[in-house]
Every structure is written in C-alpha cells, then in structure tokens.
Amino acid sequence: MIRKQNDIVGSLFQDIAHLIRQRIDNELQPFGLTRLKWLAIGLVQTTPGMTQSELAARLELKPAATGKLVDRLVSRELVERRADPGDRRVHRLFVTEKSDNLLIELEPVGTAIREDVLQDFGSKERKQLEDLLNRLKQRLV
C-alpha cells in the first residue's frame, strides 16, 4: 500500500501543485477569474479558432465541463464562438479585445506569482529545477 509518507515524489508534487493553484486563484479573485479560466483564455489566444473539443483536450476536462466554462467566458465577453464555415455543428473559439486587454493586465500577476514561488532559488537552481522537471516529464510521457 502506498501511504503519503512513502510516496515522496507523487505526494510532494501534488501538494506543491495544489498550493500553487490556490495561490493563483487567490491572486485572480479581484479579476473575477480562476486559474482554469485564465488558462482557457490563454489557450484560445495562442490557438485562435480552436474548437471546444480541442480546448477540452488541452485542459483535460470533459466536454460538458468545458462547455460550461466557455459559456461563462462568452457571457463575460472574454471569448466568442463563431460558426465553422465548413461544418455548422462546430464552433470556433476566439478571444475578444476585452480578453486581450485582460491578459496584458495579468502578465505582471503571473510574473509576481512565479517570482514569489521561486524566490528561494537562484537563477542556476531555477534552471536546474526546470531541467529536472522537464526530464521527469519526458520520462513519464
């Protein structure tokens, strides 16, 4: 049986990820956003015209949950759905100007969170940590 104290790597990663998600959500509260909404907007911005199914896959969410998320973003005029010219069953997602402005406003928030989380590490340690985590990720993929 795996107990938390015996599963150092998995439990530690889970704890750290949870704490970082909480920190991000707390910082985004004044903007009326969550980490998931911020991530979704960012994905749509970097991949304009993606479908809701593609967004669901990238966010690792079920289609129904993604649909509700997109509905909330559309109601706040942060994302818009446009009919696909080749398939009327499909809607493509695009960010709005309001969303573009919000993402610019949030850039320093992301930087501040990253700096706060990594403040005890020098540049060499940060690079080493990134390299080690990427190596671990590649091993698992």
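The residue count restarts for each chain, going from 1 along the sequence in the order it is written. In view of the model being predicted, local features appear only for residues whose pLDDT reaches at least 70, and side-chain atom pairs are presented and counted only at 80 or more, with totals across whole chains, interfaces and linings using the full set of residues. Water and hydrogen atoms play no part in the side-chain values, which are based on all heavy atoms of the structure.

## A few points about unusual backbone geometry
Line of reasoning, step 1. The phi dihedral of Glu 60 falls on the positive side, at around 60°, and the residue is not glycine.
Line of reasoning, step 2. Secondary structure is summarised from DSSP: a helix means a run of H or I of at least four residues, a strand means a run of E of at least two, and numbering begins at the N terminus for each. For Glu 60, the position within the fold is in the loop between α3 (52-59) and α4 (63-75).
Line of reasoning, step 3. The backbone of Glu 77 sits at a positive phi, close to 60°, despite the residue not being glycine.
Line of reasoning, step 4. Each residue is placed in one exposure class: buried if its accessible area under a 1.4 Å probe, protein chains only, is under 20% of its type's maximum, exposed if it is over 50%, and partly exposed if it falls in between. Residue Glu 77 is classed as exposed on the basis of its relative accessible area of 53%.

## What about the packing of helix α1 (residues 8-28) against helix α5 (residues 97-117)?
Line of reasoning, step 1. A fitted line through C-alpha atoms serves as each axis, taken over the contacting stretch for helices, and the angle formed by two N-to-C directions is quoted from 0 to 180°. Running from N to C, α1 and α5 cross one another at 145°; their axes reach a closest spacing of 11 Å. The two elements α1 and α5 cross, and the hand of that crossing is right-handed. Residue-level contacts link Ile 20, Arg 23, Ile 24, Glu 27 and Leu 28 of α1 to Leu 106, Val 109, Ile 113, Asp 116 and Val 117 of α5. Here a crossing is called left-handed whenever its near helix is offset anticlockwise from the far helix by less than a right angle, and right-handed whenever the offset is clockwise. Note on definitions: a residue-residue contact is assigned when non-hydrogen atoms from the two residues lie within 4.5 Å.

## Topic: the pattern of salt bridges
Opposite charge on two side chains permits pairing when their charged atoms draw close.
Line of reasoning, step 1. Put simply, a salt bridge is a Lys or Arg side-chain nitrogen that is within 4 Å of an Asp or Glu carboxyl oxygen. Within this structure, the stated rule accounts for seven salt bridges.
Line of reasoning, step 2. Across the pair Glu 80 and Arg 82 runs a salt bridge whose closest N-O atoms are separated by 2.6 Å.

## Observations concerning the pairing of strand β3 (residues 87-95)
Line of reasoning, step 1. Being paired, for any two strands, means DSSP has found at least two bridges between them. The pairing of strand β1 (residues 50-51) with β3 spans two bridges and is classified as antiparallel. Along β3, the bridge assignment pairs Met 50 with Leu 93.
Line of reasoning, step 2. Here six bridges tie strand β2 (residues 79-84) to β3, and the two strands are oriented antiparallel to one another. Paired with Arg 81 across the strands is Leu 93, a residue of β3.
Line of reasoning, step 3. In textbook terms, the turn of a hairpin is the stretch between consecutive antiparallel strands, and for β2 and β3 this stretch comprises two residues.

## Some words on a nonpolar patch on the surface
Line of reasoning, step 1. A cluster of nonpolar side chains, Ile 8, Val 9, Leu 12, Phe 13, Ile 16, Leu 133, Leu 136 and Leu 140, forms an exposed patch at the surface whose accessible area comes to about 740 Å².
Line of reasoning, step 2. Residue assignment for the nonpolar patch shows that the elements contributing at least two residues are α1 and α6 (123-140).
Line of reasoning, step 3. Mapped onto the secondary structure, Leu 12 falls in helix α1. Patch members must show over 30% relative accessible area and no salt bridge, and they are joined within 9 Å when carrying like charges or within 5 Å when they are nonpolar side chains of Val, Leu, Ile, Met, Phe, Trp or Tyr. Per-residue accessibility takes into account occlusion by the displayed protein chains alone, with areas from the Shrake-Rupley method and a 1.4 Å probe.

## Quick look at the environment of Pro 85
Line of reasoning, step 1. Within the secondary structure layout, Pro 85 lies in the loop between β2 and β3.
Line of reasoning, step 2. In this structure Pro 85 comes out as exposed when scored by relative accessible area, which is 87%.
Line of reasoning, step 3. Along the backbone, Pro 85 and Phe 121 are 36 residues apart, and their C-alpha atoms lie at a distance of 50 Å.

## Focus on the sheet that holds β3
Line of reasoning, step 1. Strand order in the open sheet made by the three strands is β1-β3-β2, with antiparallel pairing throughout. Both edges of this open sheet fall to β1 and β2, since each of them pairs with a single strand only.

## Quick notes on the packing of aromatic side chains
Line of reasoning, step 1. The criterion for an aromatic pair is that two Phe, Tyr or Trp rings (for Trp, the six-membered ring) have centres within 6.5 Å, with stacked assigned to planes under 30 degrees apart, edge-to-face to planes over 60 apart and tilted to the rest. Per the counting criterion, the structure on display carries zero aromatic pairs.
Line of reasoning, step 2. Between Arg 82 and the ring centre of Phe 94, over which it is positioned, the NZ or CZ distance is 3.9 Å. Note on criteria: charge over ring means Lys NZ or Arg CZ within 6 Å of the ring centre, with the direction from the centre no more than 35 degrees off the ring normal.

## Details of the layout of surface pockets
Vacant regions in the atomic arrangement are exposed by a probe of water-molecule size rolled over the atoms.
Line of reasoning, step 1. Computed over the protein atoms alone on a 1 Å grid, cavities are sets of points where a 1.4 Å probe fits but cannot get out and pockets are open sets with protein on both sides within 12 Å along at least five of seven lines; a residue lines them when it has an atom within 4 Å of a point. Grid points are joined across faces, edges and corners, and a volume is the space filled by probe spheres set on the points. Taken as a whole, the largest pocket encloses approximately 1,400 Å³ of empty space.
Line of reasoning, step 2. Contributing to the lining of the largest pocket are 29 residues, with Ile 16, Ala 17, Ile 20, Val 117 and Leu 133 lying nearest its centre.
Line of reasoning, step 3. Per-class residue counts for the lining of the largest pocket are 17 nonpolar, two polar and ten charged. Polar here means any residue other than Ala, Val, Leu, Ile, Met, Phe, Trp, Tyr, Cys and Pro, which are nonpolar, and Asp, Glu, Lys and Arg, which are charged; Gly is therefore polar.

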